[in-house]
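Breakdown of the fold
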Amino acid sequence: MKKNIIASLVLSTTLVLGLLTGCGDKAGTEAASQDAHTTETADVAQDTASADADKTIRVGATPVPHAEILDNVVKDVLAKDGWTLETVVFQDYVLPNTSLEAGEIDANYFQTLGYMNQQNQDAGLHLVAVAGVHIEPMGIYSEKYTAVADLPDGASIGIPNDPDNASRALDLLVQKGLLTSKGEYGTSDSYTEDSLTKDADANPHGYVITPLEAASLPLSLPDLDAAVINGNYALEAELPAKHPALEIEEFDEETTTKRTNFLVVKDGSQDSEKIQALVAALNSEEVQKYIDATYKGAVITSFVSAE
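Residues numbered from 1 in each chain as written. Predicted model: local features only at pLDDT ≥ 70, side-chain atom pairs only at ≥ 80, totals over all residues. Heavy atoms only, no water.

The condition is simple: UniProt positions are given in the numbering used here, feature names are shortened, and annotations may be inferred rather than shown by experiment.
In the nomenclature of an unreviewed UniProt entry, the protein corresponds to D-methionine transport system substrate-binding protein from the organism Butyrivibrio hungatei DSM 14810. Quoted verbatim from the Sequence similarities (unreviewed entry) field of UniProt, the annotation for the protein is "Belongs to the NlpA lipoprotein family."

In C-alpha cells form, the structure reads like this:
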C-alpha cells in the first residue's frame, strides 16, 4: 500500500512537471512569435521611412533669389513627380559647401564656377557643377537720373570695393560707354579707382569712381549720382521695383558661363535619380517664367551646361 502511494506521488509529480514544461514551451513560442512580429513591423516601418526619405531632396541656398526660386516654383514642379524639396537657407557662402561635402544636404544653389573651383582648391572639397540656372547681372542704378546719358560730367559713381566685382563693374561702365577703357586697372597695382578718376583718356567725363562695400551700395545710392550694384543686393533693396536699372550687363558666351549661378553637388552623386529630377525642375519652363516675371531683369535665366 505504501509503495502504491509513493508511486502515485511520483506519477502526479511527473504529470505536473510535464504540464508546466508544456506551458513554458507554449509561452516561449508565443513570446518568440511576438518578438518576431515586432521586429518585422519595425523593419517595415524603417524601410518605409527610408523610402520616404529617399524621395526628399535637401538643397542649400542663399535667400535671394535662390531660396525664393526653390520654394516658390521648384518645389511645386518636383511635387508633381512625388519629390519633396527641403530648402536649407544659409546666410553665408562657406557653410553651403562644407555642408554639402559632409553629406548634410544633397546639393546647393548659390555660386559661380569660379567660386566653386576656388573652394575646392582652398578647402580640399570635391564639388562639381551640374546645371546652370541663372545670372544676377550687375546694373547701373540711380535715384537722381533715368538714363546714363543724363549723368553730368564729374558725376559720382559707386562701385564695389572688392577686386573681382570692381573690375566687373568697370567693365560694365566701359560696355555702356561711360568709360572708354579701364585704363591700367587690374594690370598695375599702383593704378587705383582714384587713378581712373583722374585718367582723362580712360575717363573723359571725369566721373568720380567711388569704391564702397558691395552690400552698402544700395544704402549709399542717395549720396551718389549712380552706382553699379550686384543683382542680389539690388533685389534685397527692392531697387528693380523702386528705381529700375538704367543699364544692365550684357554677356557673351564666355562671360555667360563665368557669371552663371550653378546647381552644385558632391562628386559621385551627379547621376543620381534625385539630382537628375532637381536639374530638370530648375531648368524648367516654369522656372524661366517665374524669373522673368518676378525679377524683371535683375535675374535672368542661364540654363547653360557645366561642361
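Next comes the rest of the account.
**Regarding helix α12 (residues 285-295)**
Put simply, the test is: With a 1.4 Å probe rolled over the protein chains alone, any residue whose accessible area is under 20% of its type maximum counts as buried; one over 50% counts as exposed, and the rest are partly exposed. Under the DSSP-based scheme used, a helix requires at least four consecutive residues in state H or I and a strand at least two consecutive residues in state E, with every element numbered from the N terminus. The arc in question is traced by the directions running from the helix axis to the C-beta atoms. Note on contacts: a residue pair qualifies if any of its non-hydrogen atoms lie within 4.5 Å across the two residues.
Listed as buried for α12 are Val-287, Tyr-290, Ile-291 and Tyr-295. For α12, the angular spread of buried residues about the axis comes to 95 degrees, placing them on one side. Set apart from the buried face of α12 by more than 90 degrees, the exposed residues are Glu-285, Lys-289 and Ala-293. Where α12 is buried, its residues touch α2 (63-79), β4 (127-135), α8 (231-236), α9 (239-242), α11 (273-282) and β11 (300-301). In the stretch just after α12, Lys-296 is the one whose phi turns positive, near 50 degrees.

**Details of the sheet that holds strand β7 (residues 208-212)**
Worth spelling out the cut-off: Two strands make a pair as long as DSSP finds a minimum of two bridges between them. Axes here refer to lines fitted to C-alpha atoms; in helices the fit is confined to the stretch in contact. Angles between the N-to-C directions go from 0 to 180 degrees.
Spatially, 5 strands are ordered β7-β6-β8-β5-β9 in an open sheet, and the strand pairing comes out mixed. Each edge of the open sheet is held by one strand with a lone partner, namely β7 and β9 (247-248). Two elements, strand β5 (residues 139-141) and strand β8 (residues 226-229), share 3 bridges in a ladder whose sense is antiparallel. From the neighbouring strand, Gly-139 faces β8, where its bridge partner is Ile-229. Against the sheet, helix α5 (residues 163-175) engages β5, β6 (156-160), β7, β8 and β9, with an angle of about 140 degrees to β6.

**As for the sheet that holds strand β2 (residues 84-89)**
Taken in spatial order, the 6 strands line up as β2-β1-β3-β10-β4-β11 in an open sheet, and their pairing is mixed. Bordering the open sheet on either side are β2 and β11, each of which pairs with just one other strand. With 3 bridges joining them, strand β3 (residues 107-111) and strand β10 (residues 260-266) adopt antiparallel strand pairing. Looking across to β10, one finds that Asn-108 is bridged to Val-264. Here α2 sits on the sheet and contacts β1 (56-61), β2, β3, β4 and β10; the angle it forms with β2, its principal contact strand, is near 170 degrees. Across the face of the sheet, helix α4 (residues 113-123) comes into contact with β3, β4 and β10 while running at roughly 155 degrees to β4.

**Some thoughts on unusual backbone geometry**
In the segment running from Val-64 into Pro-65, the intervening peptide bond is cis, with an omega of 0 degrees. Among the structural elements, Pro-65 can be located in helix α2.

**Describing the pattern of salt bridges**
Rule in force here: Basic side-chain nitrogens of Lys or Arg form a salt bridge, by our definition, when they fall within 4 Å of a carboxyl oxygen of Asp or Glu.
This structure, assessed with the given rule, holds 14 salt bridges. In this structure, the salt-bridge partner of Arg-58 is Glu-86, at a minimum N-O distance of 2.9 Å. Placement of the pair is Arg-58 in strand β1 and Glu-86 in strand β2, with a sequence separation of 28 residues. Residues participating in the shared-partner salt-bridge network are Lys-176, Glu-247 and Glu-250.

**Regarding the packing of aromatic side chains**
Formally: Paired rings are identified among Phe, Tyr and Trp, the last through its six-membered ring, by centres lying within 6.5 Å, and are further divided according to the angle between planes into stacked (under 30 degrees), edge-to-face (over 60) and tilted (the rest). Ring-over charges, as used throughout, are those where CZ of Arg or NZ of Lys falls within 6 Å of the ring centre and within 35 degrees of the ring normal.
The tally for this structure, following the rule as stated, stands at 4 aromatic pairs. For the ring pair Tyr-93 and Tyr-115, a centre distance of 5.9 Å and an interplane angle of 70 degrees mean the geometry is edge-to-face. Of this pair, Tyr-93 sits in the loop between β2 and α3 (95-101) while Tyr-115 is found in helix α4, placing the two residues 22 residues apart along the sequence. For Tyr-115, a relative accessible area of 25% corresponds to the partly exposed category. Taken together, the aromatic side chains of Tyr-93, Phe-110 and Tyr-115 make up a single cluster linked through ring pairs. In this structure, Lys-55 is placed above the aromatic ring of Trp-83, and the distance from its NZ or CZ to the ring centre is 3.8 Å.

**Let's talk about the side chain of Asn-230**
If you trace the backbone, Asn-230 turns up in the loop between β8 and α8. Leave out the neighbours within four places in its chain, and Asn-230 touches Met-138, Pro-160, Asn-165, Arg-168 and Ala-214.

**Notes on the confidence of the model for the protein**
So the rule is basically this: What pLDDT expresses is the predictor's confidence in each residue, scored from 0 to 100.
Taken over all residues, the pLDDT of the protein has a mean of 86, while the share at 70 or more is 83%. Low pLDDT, under 50, characterises residues 1-24; the predicted model gives this stretch 0 contacts beyond four residues in sequence or across chains. Within the model, pLDDT remains below 50 along residues 36-52, and this stretch shows 0 contacts once partners closer than five positions in the same chain are excluded.

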